[in-house]
Amino acid sequence: MYAESALSQFHTEGHEDAFYVPNFITPEEEQYLIRKICESPQPLWKSLANRRLQTWGGEITTKGTLVPQPLPPFVNKFPDLVSRIKATGFFKNSPHAEPNQIIMNEYLPGQGIMPHEDGPRYYPVVATLSLGSHAVFHYYRYQAEADGDAVSSGQGRSINMIPVSSVLLEPRSLIISSGSIYTSHLHGIDALEEDLIALDASASGIKVSNVAQLQDPAIKVSIHQGVPIKRGTRYSLTCRDVERVSVFSTHPRR
Ligand SMILES: O=C(O)CCC(=O)C(=O)O
Ligand SMILES: [Fe+2]
């Protein structure tokens, strides 16, 4: 388990409940995982309007219960992602003390995910691993009723579209959202082909709260030169603990 003092180095400046861990896996592990994803059988993919995804560990019923399936060996044997995530300590109080389900999303350049909440079916901690390309992750809050102008709407409530915090997710990084950023905020990724990151308030572009934590040489050069970072295909592994698990399971699909 990471010590509290070790975790503090992963704190983003933007919000006390968002942690950014660069290079959570090695480039070799990243390539291996991308290969496994690309080799996976076509029927495992679910196509949505603006991205594709696979669900590992089982589907959640309409009543909110996970019908468990074994996780693929490339997330709990090699690389041992689940135990590495467990070792961060963020899941120590979750019902199963580790993630039991992973949503793997594929985003092509120009694709994203609308602001949303992950909801009460999961223990309020989410760890997301990025593979293949970067993304800019925005955290939003709901508009206070007194704010007036309704900007956008999710579940009937207005969202303040000025992010509370934005984090640049480098390939191989892990972003962990917990506490109030899970329970009372939304998150999303804009559907863009490139991202311009501002180094300081005077520069144009998006100000991200983990500039000091970035490690990828090419990304750092682009930011310092003020040029946009082009997105490639990104795979993300969103790891969570579903509180309620059925005693029944379906047959493994692989
Ligand atoms: O791809 C990501 O980084 C975010 C995915 C996400 O928010 C989700 O699957 O709920
Ligand atoms: Fe989400």
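All residue numbers refer to positions counted from 1 along the written sequence of the respective chain. To label them, take the chains in the order written and letter them from A, then take the ligands in the order written and number them from 1. Per-residue local features of the predicted model are confined to residues with pLDDT of at least 70, and side-chain atom pairs are confined, for both listing and counting, to 80 or more; whole-chain, interface and lining totals are unaffected and use all residues. The side-chain numbers reported here are obtained from all heavy atoms of the structure, hydrogens and water having been left aside.

Caption draft 1: Structural view of the overall build of the protein chain. By the criteria applied, helices consist of DSSP H or I runs no shorter than four residues and strands consist of E runs no shorter than two, each listed in order from the N terminus. In terms of helices and strands, the protein chain carries 6 helices and 18 strands. The buried label applies to any residue whose accessible area, calculated with a 1.4 Å probe on protein chains only, is under 20% of its type's maximum; exposed applies above 50%, and partly exposed to all values in between. Counting every position in the protein chain, which comprises 254 residues, the buried fraction comes to 50%. Note on definitions: a residue-residue contact is assigned when non-hydrogen atoms from the two residues lie within 4.5 Å. Looking at the protein chain alone, contacts between residues at least 24 apart form 79% of all its contacts between residues at least 6 apart. Carbon and sulfur atoms make up 55% of the accessible area of the protein chain, which totals about 12,200 Å². Taking the average location of the 23 positive side-chain charges in the protein chain and that of its 26 negative ones, the two points are 8 Å from each other. Every accessible area reported is derived by Shrake-Rupley at a probe size of 1.4 Å, with residue values counting cover from the shown protein chains alone. As used throughout, the charge tally considers Lys and Arg to be positive and Asp and Glu to be negative, leaving His and the chain termini uncounted. Here the site of a charge means atom NZ of a Lys, CZ of an Arg, CG of an Asp or CD of a Glu.

Caption draft 2: A look at the sheet that holds strand β8 (residues 125–131). Pairing in this open sheet of 7 strands is antiparallel, and the strands run β1-β12-β8-β18-β6-β3-β2 from one edge to the other. Of all strands in the sheet, those bounded by a partner on one side alone are β1 (18–21) and β2 (46–47). In the packing of helix α2 (residues 27–39) onto the sheet, contacts are made with β3 (52–56), β6 (101–107), β8 and β18 (234–240), and the angle to β8 comes to roughly 90°. The rule for pairing is simple: two strands pair if DSSP sees at least two bridges between them. Axes here mean lines fitted to C-alpha atoms, for a helix over just the part in contact, with angles spanning 0 to 180 degrees between N-to-C directions.

Caption draft 3: The nonpolar core, seen in detail. Core analysis: the biggest nonpolar cluster contains 31 residues, and Trp56, Leu129, Leu131 and Leu237 have the highest contact counts within it. Contributions of two or more residues to this core are made by β1, α2, α3 (73–76), α4 (81–86), β6, β8, β12 (174–178) and β18. If we ignore the near neighbours within four places in the chain, the residues touching Leu129 are Phe24, Ile25, Leu33, Leu81, Arg172, Ser173, Leu174, Tyr235, Ser236 and Leu237. In this structure, Ala135, Leu168, Ile175 and Leu214 belong to the second largest nonpolar core, which totals 20 residues. Here the nonpolar core consists of buried residues drawn from Ala, Val, Leu, Ile, Met, Phe, Trp, Tyr and Cys, with membership extended through side-chain atoms lying within 4.5 Å.

Geometric descriptors of this kind do not, in isolation, establish any biological role.
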